[in-house]
Amino acid sequence: MTETHSPHTDLAQALLADSQRLRSVLHAALDCVIAMDASGAVVEWNAAAERTFGYGADDAIGRDLGELIVPEPLRAEHRAGLARHLRSGEARMLDRRMQTTAVRRDGDEFPIELTITRVDVPGPPVFLGYLRDITDRQRAEADLRASRLRIVSAADEARRRIERDLHDGAQQLLVGLALTLRLARAKLEEQPELTAELLDEALADLATAMAELRELARGIHPAVLTEGGLQPALAGLAGRVPVPVTLEDVPADRMPPAVEATAYFVVAEALTNVARYAAATRARVTVARDGDVLSLTVSDDGRGGADPAAGSGLRGIADRVAALDGRIFLDSPAGVGTTLRVELPCAW
């Protein structure tokens, strides 16, 4: 591409070069700082711009900014906006933060956050643009939205499961219990022996219903977790897993309820995955508190090769951890076993 120079370029460069301190600040900035003269030519291009767009300062200065970093479909709008401002002073794009799209030297388009200001200097105007690549931020926001959607969906599914369990289990038993008690009352005087049998049947149904409700409540939020904290709750959990589980260093001190619940269900889901998929002969759960961080490690000697994208278990763990601004680390080489480590902030 042929370089183009405007008659204002040398003047604008001289104005911006008056202060060596200012130039040093511009080149130390983490954001891209680009200056453009009234013709649309680049007059300043800092080190962050070099890294972001792939042009060195020597390649960029003097060239038309639209040709360098503005995607082709947006170039006409860019030039029209500059011409409109020079003609009428309209500042539609100045002094406000906006999001748009830029293009790198290799043709890769990416989202940016952009602020444009006009430099208060004598003579033809000079414009400063502050640009930031927001690819990672938008990806993180998209991941967060997807995580929240999965949490809402999981909550809805859990509610429906509870409704089904109650309807098909305890509710049916309680309905049958009510019928049995009504029949026993009707036969109380005429057939006392039958009444006794009916009452025994009712007591058995009541015991079964209570057991089912306790099991259902354990899946929602174990009473032992509320009453005793992580230490007894994880001990009970480890005892119900078909794979031998070793518990290490589980702190006895209490933590915020949300942290305890998240820690419990992370370990529960991880051990469920071990039992179902890992073909492991043993598992180990280590819990440690270091200041304001609670660390959980669940490891096994199984087949390894765990893939967070392959199922809902690890994804559900990640969603629970993300809800508390925690971090998750997974190491699962094939044939070696899996180690899942989770860090949860636990300050009061």
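Residues numbered from 1 in each chain as written. Predicted model: local features only at pLDDT ≥ 70, side-chain atom pairs only at ≥ 80, totals over all residues. Heavy atoms only, no water.

Visitor: Quick rundown of the overall build of the protein chain? Include the residues and the values.
Guide: Along the backbone of the protein chain there are twelve helices and ten strands. The buried share among the 348 residues of the protein chain stands at 36%. The long-range fraction of contacts in the protein chain, counting pairs at least 24 apart against all pairs at least 6 apart in sequence, stands at 55%. Entry remark: accessible area of the protein chain is about 19,900 Å², with carbon and sulfur atoms responsible for 54%. (Helix = DSSP H or I, 4+ residues; strand = E, 2+ residues; numbered from the N terminus. Buried < 20%, exposed > 50% of the residue type's maximum accessible area, 1.4 Å probe, protein only. Contact = heavy atoms within 4.5 Å. Areas by Shrake-Rupley, 256 points an atom, 1.4 Å probe, with all protein chains shown as cover.)

Visitor: I'd like a rundown of helix α6 (residues 72–88), residues and numbers included.
Guide: The end-to-end C-alpha distance of α6 is 25 Å, a good match for the 24 Å that 17 residues give at a rise of 1.5 Å each. Those residues of α6 that sit buried are Arg75, Gly81, Leu82 and His85. Take α6 and look down its axis: the buried residues cluster within an arc of 135°, on one side only. α6 presents Pro73, Ala76, Glu77, Arg87 and Ser88 as exposed residues on the side facing more than 90 degrees away from its buried surface. Backbone geometry just after α6 places Gly89 at a positive phi near 80°. (Expected span 1.5 Å × (residues − 1). Arc of directions from axis to C-beta.)

Visitor: If you had to explain the packing of aromatic side chains to someone new, which residues and values would you point to?
Guide: Tallied over the full model, the rule gives four aromatic pairs. On the basis of an interplanar angle of 80° and a centroid distance of 6.3 Å, the ring pair of Trp45 and Tyr55 is categorised as edge-to-face. In this pair, Trp45 sits in strand β2 (residues 42–45) while Tyr55 sits in the loop between α3 (47–53) and α4 (57–60), placing the two residues ten residues apart along the sequence. Judged by its relative accessible area of 0%, Trp45 falls in the buried class. Tyr55 gets classed as buried once you look at its relative accessible area, which sits at 8%. On the basis of an interplanar angle of 90° and a centroid distance of 5.1 Å, the ring pair of Tyr264 and Phe265 is categorised as edge-to-face. In terms of burial, Tyr264 and Phe265 fall into one category: buried. Put simply, the rings of Trp45, Phe53, Tyr55 and Phe110 touch in pairs and so form one group of aromatic residues. Directly above the aromatic system of Phe110 lies the positively charged group of Arg104, at a separation of 3.7 Å from the ring centroid. Stacked on the ring of Phe329, the Lys or Arg Arg341 has its end atom at 4.2 Å from the ring centre. (Phe/Tyr/Trp six-rings, centres within 6.5 Å; stacked < 30°, edge-to-face > 60°. Lys NZ or Arg CZ within 6 Å of the ring centre and 35° of its normal.)

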